Amino acid sequence: NPPPPPGPPKFTGTKLVHDRAHPWRPPRDGDERGPCPGMNTLASHGYISRDGVASPSEMITAVQEAFNMENKFAIFVTYLAHLLNGNIASDLLSIGGKTRKTGPDPPPPAHAGGFNVHGTFEGDAGMTRADAFFGDNHSFNQTLFDKLVELSNRYGDGFYNLTVAGELRSQVLQDSIATNPEFSFKNVRYFTAYSESVFPVNFFVDGRRTEKKLDMDSARSFFKDMKFPPDFYRSAVPIADQGLSEIYAMHPFLPGGNVDGKVNNFAVDPASADFTKPCALYEDILNTVKRLYPNPAGLLRRNLIKCLHDFHPGVAAVLGRDCVEQFPYGKK
Ligand code: HEM
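Residues numbered from 1 in each chain as written. Predicted model: local features only at pLDDT ≥ 70, side-chain atom pairs only at ≥ 80, totals over all residues. Heavy atoms only, no water.

Q: Explain the nonpolar core to me, and be specific about the residues and the numbers.
A: A general feature of soluble globular proteins is that nonpolar side chains tend to end up buried together. Among the nonpolar cores identified, the biggest contains 86 residues, and Leu42 and Tyr160 are the most heavily contacted of them. In contact with Leu42, other than residues within four places in its own chain, are Tyr47, Ile48, Ala62, Val63, Ala66, Phe67 and Phe228. (Core = buried A, V, L, I, M, F, W, Y, C linked by side-chain atoms within 4.5 Å. Buried < 20%, exposed > 50% of the residue type's maximum accessible area, 1.4 Å probe, protein only. Contact = heavy atoms within 4.5 Å.)

Q: Go over the coordination of the iron atom of the ligand, please, and point to the residues and values.
A: For the iron atom of the ligand, the sole protein-derived donor is Cys36 (SG), lying 2.3 Å away. Looking at where Cys36 falls in the secondary structure, it is placed in the segment before helix H1 (37-44). (Donors = N, O, S within 2.8 Å, 3.2 Å for Na, K, Ca; no water. Helix = DSSP H or I, 4+ residues; strand = E, 2+ residues; numbered from the N terminus.)

Q: With reference to specific residues and values, describe the site of the ligand.
A: Around the ligand lies a shell of 25 residues, among which Cys36, Gly123, Met127, Thr128 and Glu196 are the nearest. Residue Thr128 places a main-chain N or O atom 2.7 Å away from an oxygen atom belonging to the ligand. Grouping the constituent residues of the shell around the ligand by class yields 16 nonpolar, 5 polar and 4 charged. (Near = heavy atom within 4 Å. Polar contact = N/O pair within 3.5 Å; in protein donor to acceptor, adjacent residues only side chain to side chain. Nonpolar A, V, L, I, M, F, W, Y, C, P; charged D, E, K, R; others polar.)

Q: Describe helix H2 (residues 56-67), with residues and values.
A: The end-to-end C-alpha separation of H2 is 16 Å, in line with the 16 Å expected for 12 residues at 1.5 Å each. Burial analysis of H2 places 9 of its 12 residues in the buried class, the great majority of the element. Listing the buried residues of H2 in full gives Pro56, Ser57, Met59, Ile60, Ala62, Val63, Gln64, Ala66 and Phe67. Considering only its buried residues, H2 is in contact with H1, strand S1 (53-54), helix H3 (71-85), strand S2 (93-94), helix H6 (187-203) and helix H7 (216-223). (Expected span 1.5 Å × (residues − 1).)

Q: Quick rundown of the packing of H1 against H2? Include the residues and the values.
A: Relative to each other, H1 and H2 sit at 90°, their axes nearing to 11 Å. Here H1 is positioned roughly perpendicular relative to H2, judged by the angle of their axes. Contacts between H1 and H2 involve Gly38, Met39 and Leu42 from the first element and Met59, Ala62, Val63, Ala66 and Phe67 from the second. Residues belonging to the contact of H1 with H2 are distributed by class as follows: 7 nonpolar, 1 polar and no charged. (Axes fitted to C-alpha atoms, helices over the stretch in contact; angles between N-to-C directions. Parallel < 35°, antiparallel > 145°, perpendicular 65-115°, else oblique.)

Q: Go over the environment of Lys262, please, and point to the residues and values.
A: Residue position: Lys262 is located in the loop between strand S6 (256-258) and strand S7 (266-268). Counting along the chain gives 218 residues from Lys262 to Ser44, while the straight-line C-alpha distance between them is 39 Å.

Here you go:
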């Protein structure tokens, strides 16, 4: 039976997290790594299981402990990923591809495929991962990282900061419009992309630094090597997606995608959630869950009910208190 999500830790200041209890080790054959440099790093240091498979509770504990991610935000992101990509019956989720380690398959169309599954949580216009259309949506991409470095030099004096985040977010979107005929950027992906653009500023900058700017050695360490910089301290305060509205305001962009399978053919999708109607994101997530699990029974149904209920405090905190809890599978 899945436990309820962990609460916030007692101590929430900065501290050394690249410590002797958490040495870096390279992934071994069969270990899962994927599109999230944060989770990859936690696995490679043993904050979650080094094989890259963990329960939502283990993931929340780890992001709080090692990155000082704010509790309700961690609940929102982790349960979102679990509902879309996890194994609800076994309470296990892969941070990379599909693996037998998450247990027996759920009835299709549910897949328990892990973070790598395109069009669920993972989506287009990532900073250092290519669009799925080009073949590999989850591995570190040097060409894309070079662009991050270039813009950090041009707009941040060699550092990644919020100005760089806003410029890079916009440029990556324009690149996808121009090159990916299947480019899609709405609902979950619209929200997560803007969030992830501020993560390097909020989470990858050493907690002892007063200026929120990330040097390129540290950026390479996280994004490419999945490794804390030497002597890394976590954020000095619990943190989430602070800075999102600033980078959005630099180059406002509405949700949508290229239509008719053509590049340079972007159309806004007025049905998508956006920052003016965040509860539409909750609706969209529930609709996706209902598509994945049209008719759950037994343990699967019980765990889905529990998971959706444990997800909602995260929804209320991140998307707003007026996103009223819904019960697509009943309450018991
Ligand atoms: C990207 C999941 C926490 C940093 C992603 C992606 C997933 C994911 C599925 C791929 C989305 C995409 O770009 O297409 C999660 C989950 C978390 C979590 C479930 C649980 C709390 C974190 C933390 C950090 C982080 C704590 C930072 C320390 C990032 C960054 C990206 C990303 C920077 C964008 C990578 C890029 O665009 O190149 N995450 N993540 N994540 N995540 Fe996480």
